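Structural overview for review
Chain by chain, the residues run as shown.
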Amino acid sequence: MLSAVEVCLRAGAPGITVHPRADARHITSDDTRQVGELVAAWGRDVEFNIEGDPRPDLIDLVVAVRPTQCTLVPVKPGEVTSQAGWGPDAPAGVISAVDRLRSLGIRVSLFVDPEESAIRWAAAAGAHRVELYTEPFARAFARGDGEASFGVYARAAELAHGLGLAINAGHDLDLGNLTMFRRLPHLAEVSIGHALVSHALFVGLERSVQDYLGVLAG
């Protein structure tokens, strides 16, 4: 696991994201701590992002590790991967988690759908950033309707920027649809896992990271 992180960093990745789920099927708490130590010692400006639902043990882990950023995402019991973003009906525990992390100087990003109500809620909740849930765009792109969906995301990004939020994005982005999505106004960061690792099976992890950096650079 640490060797994979090192390969990504040597290839030029500007950040590492981990998602410690409650069942630890992706990464354990101990793994997360070790990745945090490796990133902190890397010797250049690399960000560490821990994402997950705001359950008490996850927030305590984030407080202990002190990553650059924590991305809070909703989790449904039994889900394979994220299915939707937060909105105004999010539980009160989300805002209390935002407050706690902000007080420690940890940047907070909230995973949201590209909807006005969700973005305004995230700004009111005190988030520094939003991460736009991009599966709907990826599906539209695959159908040949990417431009219409991209317009929805562009308007959402402009609204978020106007409210003082920086814009991240993630979910089902790949080398194909990034050629369009990289044009998103004010885009600061994308998180890509599954597609990057799948590509790495054919070209190797270092080359896969470099391919994605190349597409993002245009």
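Look up a bit, the structure's there.
Note that the structure is a prediction, hence the values are computed from the model and not measured.

Cut-off values and rules
- Residues numbered from 1 in each chain as written.
- Predicted model: local features only at pLDDT ≥ 70, side-chain atom pairs only at ≥ 80, totals over all residues.
- Heavy atoms only, no water.
- Core = buried A, V, L, I, M, F, W, Y, C linked by side-chain atoms within 4.5 Å.
- Buried < 20%, exposed > 50% of the residue type's maximum accessible area, 1.4 Å probe, protein only.
- Contact = heavy atoms within 4.5 Å.
- Salt bridge = Lys/Arg side-chain N within 4 Å of Asp/Glu carboxyl O.
- Helix = DSSP H or I, 4+ residues; strand = E, 2+ residues; numbered from the N terminus.
- Axes fitted to C-alpha atoms, helices over the stretch in contact; angles between N-to-C directions.
- Parallel < 35°, antiparallel > 145°, perpendicular 65-115°, else oblique.
- Left-handed = near helix turned anticlockwise from the far one by under 90°.
- Nonpolar A, V, L, I, M, F, W, Y, C, P; charged D, E, K, R; others polar.
- Pairing = 2+ DSSP bridges.
- Expected span 1.5 Å × (residues − 1).
- Arc of directions from axis to C-beta.
- Phe/Tyr/Trp six-rings, centres within 6.5 Å; stacked < 30°, edge-to-face > 60°.
- Lys NZ or Arg CZ within 6 Å of the ring centre and 35° of its normal.

Soluble globular proteins: nonpolar side chains tend toward being buried together. Ile16, Leu72, Trp86, Leu110, Val112, Trp121 and Leu184 are the most contacted members of the largest nonpolar core, which has 64 residues in total. Leave out the neighbours within four places in its chain, and isoleucine 16 touches Val5, Cys8, Leu9, Val35, Val39, Glu47, Phe48 and Asn49.

With that settled, consider the pattern of salt bridges. Tallied over the entire structure, the rule returns 10 salt bridges. The partner of arginine 33 in a salt bridge is aspartate 30, and the shortest N-O contact between them spans 3.3 Å. One end of the pair, arginine 33, and the other, aspartate 30, are both in helix α2 (residues 29-40), three residues apart, so they sit about a helical turn from each other. With a relative accessible area of 36%, arginine 33 lands in the partly exposed category. When its relative accessible area of 52% is taken as the criterion, aspartate 30 is described as exposed. Two residues, glutamate 135 and arginine 139, come together in a salt bridge whose shortest N-O distance is 2.8 Å. Here arginine 139 and glutamate 135 lie together in helix α6 (residues 135-143), a separation of four residues that amounts to about one turn. Via salt bridges that share partners, Asp53, Arg55 and Asp57 belong to a single interconnected network.

Before going further, it helps to examine the packing of helix α1 (residues 2-10) against α2. Between α1 and α2, whose axes approach to 10 Å, the crossing angle comes to 30 degrees. Considered as vectors, α1 and α2 are oriented roughly parallel to each other. As for the relative orientation of α1 and α2, their crossing is right-handed in sense. Only Gln34, Val35 and Leu38 of α2 make contact with α1, whose side of the interface consists of Leu2, Val5 and Glu6. Looking at the contact of α1 with α2 residue by residue, the class counts come to four nonpolar, one polar and one charged.

Strands sit in the order β1-β2-β3-β4-β5-β6-β7 across an open sheet of seven strands; the sheet is parallel. Since the sheet does not close on itself, it has two edges, and those belong to β1 (15-18) and β7 (187-191), each with one partner. Averaged over all neighbouring strand pairs, the angle between strand axes comes to 25 degrees, with direction disregarded. Relative to strand β5 (residues 129-133), strand β4 (residues 107-112) is paired through four bridges, and the arrangement is parallel. Bridge pairing in β5 places serine 109 opposite arginine 129.

To continue, consider helix α7 (residues 146-162). Taking 1.5 Å of rise per residue, the 17 residues of α7 would be expected to cover 24 Å, and the 24 Å separating its terminal C-alpha atoms lies within 8% of that figure. Buried within α7 we find Gly146, Ser149, Phe150, Gly151, Tyr153, Ala154, Ala156, Ala157 and Ala160. The inward-facing, buried residues of α7 contact α5 (116-125), β5, α6, β6 (166-170) and α8 (178-181). Phi turns positive one or two residues past the end of α7, at glycine 164, with a value near 90 degrees.

Now for α2. Relative to the 16 Å expected for 12 residues at 1.5 Å per residue, α2 spans 17 Å between its end C-alpha atoms, a close match to the ideal helical length. Those residues of α2 that fall on the buried side of the exposure criterion are Thr32, Val35, Gly36, Leu38 and Val39. Take α2 and look down its axis: the buried residues cluster within an arc of 165 degrees, on one side only. Relative to its buried face, α2 has exposed residues pointing more than 90 degrees away, namely Asp30, Glu37 and Ala40. Of the surrounding secondary structure, the elements contacted by the buried residues of α2 are α1, β1, β2 (47-52) and α3 (56-65).

Turning next to the packing of aromatic side chains. By the definition in use, this model includes six aromatic pairs. Ring centres 5.0 Å apart and planes at 50 degrees place the aromatic pair phenylalanine 137 and phenylalanine 181 in the tilted group. Separated by 44 residues along the polypeptide, phenylalanine 137 in helix α6 and phenylalanine 181 in helix α8 bring together distant segments of the chain. Assigned by exposure class, phenylalanine 137 and phenylalanine 181 land together as buried. An aromatic cluster is present here, built from Phe137, Phe141, Phe150, Tyr153 and Phe181 joined pairwise through their rings. It is arginine 183 that lies over the ring of phenylalanine 150; its NZ or CZ is 5.0 Å from the centre.

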